[in-house]
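A closer look at the structure
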Amino acid sequence: MTADVLSTLTQAAQNRILIIDGAMGTMIQQYRLEEQDFRGDKFRDHHRDLKGNNDLLSLTRPDVIEAIHQAYLEAGADIIETNTFNATSISQADYDTAQHAYAINLAAACIARIAADDWTAQNPAKPRFVAGALGPLNKTLSLSPDVNDPGYRALRFDDARNAYAEQVRGLMDGGAHLLLVETIFDTLNCKAALFAIEEVMAEKGRRLPVMISGTITDASGRTLSGQTVEAFWISIQHARPFSVGLNCALGAKEMRPHLEALSAIAGCFISAYPNAGLPNAFGEYDQTPHEMCEFIGDFARSGLVNIVGGCCGTTPAHIRHIAQQVTGIAPRPLPGGQGESRTKNKYTMLAGLEPLIIRPETNFVNIGERTNVTGSKQFANLIKAGKLADALQVARQQVENGAQIIDVNMDEGLLDSERAMVEFLLLVAAEPDIAKVPVMVDSSRFQVIEAGLKCLQGKSIVNSISLKEGEAEFVRQAVICRRHGAAVVVMAFDENGQADTIDRKVDICERAYRILTEKVGFDPTDIIFDPNIFAVATGIEEHNEYAINYIEATRIIKQRCPGARVSGGVSNLSFAFRGNNKVREAMHAAFLFHAIQAGMDMGIVNAGMIEVYAEIPKDLLQRIEDVLFNRYPSATEALVRYAESLTDTGGRAVEKDLAWRETSVEARITHALVKASPILSRRIPKRPASSFPHRFP
Ligand code: THG
């Protein structure tokens, strides 16, 4: 059986609903253990009280832990969890037993395996599995413990990741069949665990199926760290888990709508192991096995689940009832069909606190460019002056003006870019109206990108990686991005420099696509190509084909790299017209009109500042399109002359007045409909109206 746990488990989960065990803590309480039990011989002289450190019992009272496992196996559990919920060095530090973390995990996995193997030997037709449990830690990576200091964190990503890695080594060495990251209330903690799991599995050259279970803490349907259930799934699916689900916090009844949402989006098996109802006034759970299994039976009959069991307050009696209740009920079918434990994504899926799914019918996606110290003097000055609240306002305005992603760049000679990136992103995380969108971490230094990814609980985008320094470095960086679950922007840039011809752009992107999908295991939908938007109308003849080359390369890349997306930095195009925003905006709109038809999916833009194609004055449009398509040798000259004849108003002002927020509900809804939804995407559909190019909704 150990030969291929994944296929055995997959087969079992397709045939019937699997049972996972119930609470460990409730059972331990019933033994009324004393300080002496927790200490055993090993910790006889420990300088602190150890009563309550349940995980330590795997070393000091293994008989108790094994008896509890036996009781759950006897009740019908297919999967039992190791007694390791708090067995990281971080959580053990509360008892000054951090240095025993590895030993605790090793012992816990061994004890569970002895019990499980016993039952498997008795009835090989019903194999039992040990899930090594990784708890949520007692500190959060996405939330500040101090409301007055939103940029503070009590824990750093690398410390969490290292603690989890040590735990995973113990669990794997002790013989766990699977790993279960559970009771997740902060997705970044979970991502640190998933990163560690991936690292340790690579180190050991052995893969274990991974189960992931989040927790919804209130009726709003968000995790404690503020994500919707869909955003949570998108942020962790890079682990290609065996199952995803919910446990703890809410009772079965309250869990149902969130389980439904998860079941609707996730491509793997679904688990649910709620508490025995909601805690009463004494913090106790008093839902009877009979009451609880009514709800679980309903999950099963509704086709929502593949694995069920119990969390706080549940006992072997609950598990026995649940097992009886779901016997004979068909498990939820895997969305992708047979055999596969995970379906490939059809669409690019990103997430902040909320999901951003780019479906075929999704309009052009706006990425806000202004949170960039090299792209905005205002933002640069705020960052350099340490005026972070005002800098956050720039991000907020981008989102209010229709940015569905924000690009953040801190590459400036006089800045400690890594620190500035981290500081800013941690503050962004505390602003739900900004953090709802995914972040594009923009830097030419990979170290800065890595530091940024360690601050983001959602599914972010790395901007960018490329073949500039050769294939080995490209692969190294891509592997790290994948472990963080980030999508990547790949620039059309290789060992010979930036691509400016159609052939070079296409060749480099195809080469990168092959490496990422075949060698690194990237999902094609996590790849975003940037075939380089360069400035046109610069007066240098070689630049005249730049717009056409981008557009034509985009068309071919979209055909040859199925699933991948195309993006670009739109404002680059018009650098020759700096200071003349009217001309610049018109150029961007005209360029996008054609690039979007060629397949451009998203772009870094000054959100809310893009002109409507149909409203560009015809004579200006004519001259711009002559330049974009290099229609005649003096096209640049003609546009420059025309531009000089225009008096620039500096463009429409970015909305600064937030007084609308104080108005009536109706007025706010009106405002939101007019302003807050992606303005550009409503106005520039991907497919032109049939009356192209003159009229346009
Ligand atoms: N591809 C990818 N990432 C990128 C780019 C790209 N990131 C950076 C850049 N290019 C896209 N972002 C910007 C942001 C601002 C401007 C241009 C591109 C810009 N800023 C005004 C200017 O320089 O005139 C600044 C005006 C001000 O200071 O307010 O044009 O191509 N993957």
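Here the structure is a predicted model, which means the values were calculated and not measured. (Residues numbered from 1 in each chain as written. Predicted model: local features only at pLDDT ≥ 70, side-chain atom pairs only at ≥ 80, totals over all residues. Heavy atoms only, no water.)

**Some remarks on the side chain of K459**
For K459, the position within the fold is in the loop between α18 (446-453) and β14 (461-465). Judged by relative accessible area, K459 falls into the buried class, the value being 1%. A polar side-chain atom of K459 sits 3.0 Å from the main-chain carbonyl oxygen of G485. Contact partners of K459, with chain neighbours within four places excluded, come to I234, S235, M349, L350, A351, P438, G485, A486, A487 and D526. (Helix = DSSP H or I, 4+ residues; strand = E, 2+ residues; numbered from the N terminus. Buried < 20%, exposed > 50% of the residue type's maximum accessible area, 1.4 Å probe, protein only. Polar contact = N/O pair within 3.5 Å; in protein donor to acceptor, adjacent residues only side chain to side chain. Contact = heavy atoms within 4.5 Å.)

**Describing the packing of aromatic side chains**
Two aromatic rings are characterised by how far apart their centres lie and by the angle between their planes. Enumeration over the complete set of coordinates arrives at 6 aromatic pairs. With centroids separated by 5.4 Å and ring planes inclined at 80°, the aromatic side chains of F379 and F424 adopt a geometry described as edge-to-face. Of this pair, F379 sits in helix α14 (residues 377-384) while F424 sits in helix α16 (residues 417-429), placing them 45 residues apart in sequence. Judged by relative accessible area, which is 0%, F379 ranks as buried. Taken together, a centroid distance of 3.7 Å and an interplanar angle of 5° make the contact between F593 and Y613 stacked. Placement of F593 in helix α22 (residues 581-598) and of Y613 in the loop between β20 (602-605) and α23 (618-628) is noted, with a sequence separation of 20 residues between them. (Phe/Tyr/Trp six-rings, centres within 6.5 Å; stacked < 30°, edge-to-face > 60°.)

**Considering the packing of helix α7 (residues 101-122) against helix α8 (residues 157-173)**
Running from N to C, α7 and α8 point in directions that differ by 30°, and their axes come no closer than 7 Å. Classified by the interaxial angle, the pair formed by α7 and α8 is roughly parallel. The crossing of α7 and α8 is right-handed. Side by side, α7 and α8 meet where A101, Y102, N105, L106 and A109 of the first sit next to E166, Q167, R169, G170, L171 and D173 of the second. Tallied by class, residues from the contact of α7 with α8 come to 5 nonpolar, 3 polar and 3 charged. (Axes fitted to C-alpha atoms, helices over the stretch in contact; angles between N-to-C directions. Parallel < 35°, antiparallel > 145°, perpendicular 65-115°, else oblique. Left-handed = near helix turned anticlockwise from the far one by under 90°. Nonpolar A, V, L, I, M, F, W, Y, C, P; charged D, E, K, R; others polar.)

**Brief notes about helix α20 (residues 502-519)**
In an α-helix, one full turn covers 3.6 residues, which means residues spaced three or four apart are oriented alike. Between its first and last C-alpha atoms α20 spans 25 Å; for 18 residues at 1.5 Å apiece the expected length is 26 Å, and the two agree. Within the sequence span of α20, burial applies to K505, V506, I508, C509, A512, Y513, I515 and L516. Against the buried residues of α20 lie α19 (471-484), β15 (487-491), β16 (493-494), β17 (497-498), β18 (527-530) and α21 (546-560). With its phi angle positive at about 80°, G521 sits one or two positions after the end of α20. (Expected span 1.5 Å × (residues − 1).)

**A look at the pairing of β18**
Neither face of β18 is open: one carries I527 and F529, the other I528 and D530, and all of them are buried. Bridge count for β15 against β18 is 4 bridges, and the pairing is parallel. Note on β18: the bridge partner recorded for V488 is I527. The pairing of β18 with strand β19 (residues 565-566) spans 2 bridges and is classified as parallel. In the sheet register, I528 faces β19, and the bridge partner there is R565. Where the polypeptide runs from β18 across α21 and back to β19, its parallel neighbour, the crossover connection is right-handed. (Pairing = 2+ DSSP bridges. Right-handed = clockwise from strand over helix to strand, strands pointing away.)

**Side note on unusual backbone geometry**
With omega at 10°, the peptide bond leading from N463 into S464 counts as cis. With respect to the helices, strands and loops of the structure, S464 is situated in strand β14. Positive phi values are uncommon outside glycine, yet N532 reaches one of about 70°. Examined against the element boundaries, N532 turns out to sit in the loop between β18 and α21.

**Thoughts on the site of the ligand**
Close to the ligand lie 18 residues; R370, D530, N572, R578 and R584 are nearest. Here an oxygen atom of the ligand sits 2.7 Å away from a polar atom, N or O, in the side chain of R370. Here a nitrogen atom of the ligand sits 2.9 Å away from a polar atom, N or O, in the side chain of D442. Within the complex, the protein chains bury 80% of what would otherwise be the 670 Å² of accessible surface of the ligand. (Near = heavy atom within 4 Å. Areas by Shrake-Rupley, 256 points an atom, 1.4 Å probe, with all protein chains shown as cover.)

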